[in-house]
Amino acid sequence: MRETLAIEYRESASKPFTDVQDISPRRAKARRGSRWYLLKGLRPEFVDDPEYLDWLNREYELLSDVVDHPGLPPVVAIEDNSPIGPCVVLDWAEGAQLN
């Protein structure tokens, strides 16, 4: 499934995210093509801070190594230009929000 998800994402990567729904100041649900994704970014006050950008990249690297964990949606990509700024892109998992 992970390979299929990665291929599908790459094929739609040139399209913009649409139907963006804010979940919190640093998370949004967004559609690209026919698939929904979770965009997990930085709080607005940290978007231009190199240290926080490094942490975001490290989070992406760590989560990319997790394969088929029942409690984590698959990580798809890291993006600099999303509707919420720099973010980790995860596959959307429908269900109750855990706050």
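The rules behind these values
Residues numbered from 1 in each chain as written. Predicted model: local features only at pLDDT ≥ 70, side-chain atom pairs only at ≥ 80, totals over all residues. Heavy atoms only, no water. Helix = DSSP H or I, 4+ residues; strand = E, 2+ residues; numbered from the N terminus. Rg over C-alpha atoms; globule rule 2.2 N^0.38 Å. Buried < 20%, exposed > 50% of the residue type's maximum accessible area, 1.4 Å probe, protein only. Contact = heavy atoms within 4.5 Å. Areas by Shrake-Rupley, 256 points an atom, 1.4 Å probe, with all protein chains shown as cover. Lys, Arg positive; Asp, Glu negative; His and termini not counted. Charge placed at Lys NZ, Arg CZ, Asp CG, Glu CD.

A. Just the overall build of the protein chain, in detail. When its secondary structure is counted, the protein chain shows 2 helices and 5 strands. In the protein chain, the order of α-helices and β-strands from amino to carboxyl end is α-β-β-β-α-β-β. Its C-alpha atoms give the protein chain a radius of gyration of 13 Å, near enough to 13 Å, the size a compact globule of 99 residues would have. With the C-alpha coordinates aligned to their principal axes, the bounding extent of the protein chain is approximately 35 × 30 × 30 Å. Across the 99 residues in the protein chain, those meeting the buried criterion constitute 29%. Within the protein chain, residue pairs in contact and separated by at least 24 positions form 45% of the contacts whose partners lie at least 6 positions apart. Surface summary for the protein chain: the accessible area is close to 6500 Å², and the carbon and sulfur share equals 51%. Side chains of the protein chain give 12 positive and 18 negative charges; the mean places of these two sets differ by 5 Å.

B. Quick peek at the environment of Ser-24. Relative to the elements of secondary structure, Ser-24 occurs in strand 1 (residues 18-24). In sequence terms Ser-24 and Asp-68 are 44 residues apart; their C-alpha atoms lie 26 Å from each other.

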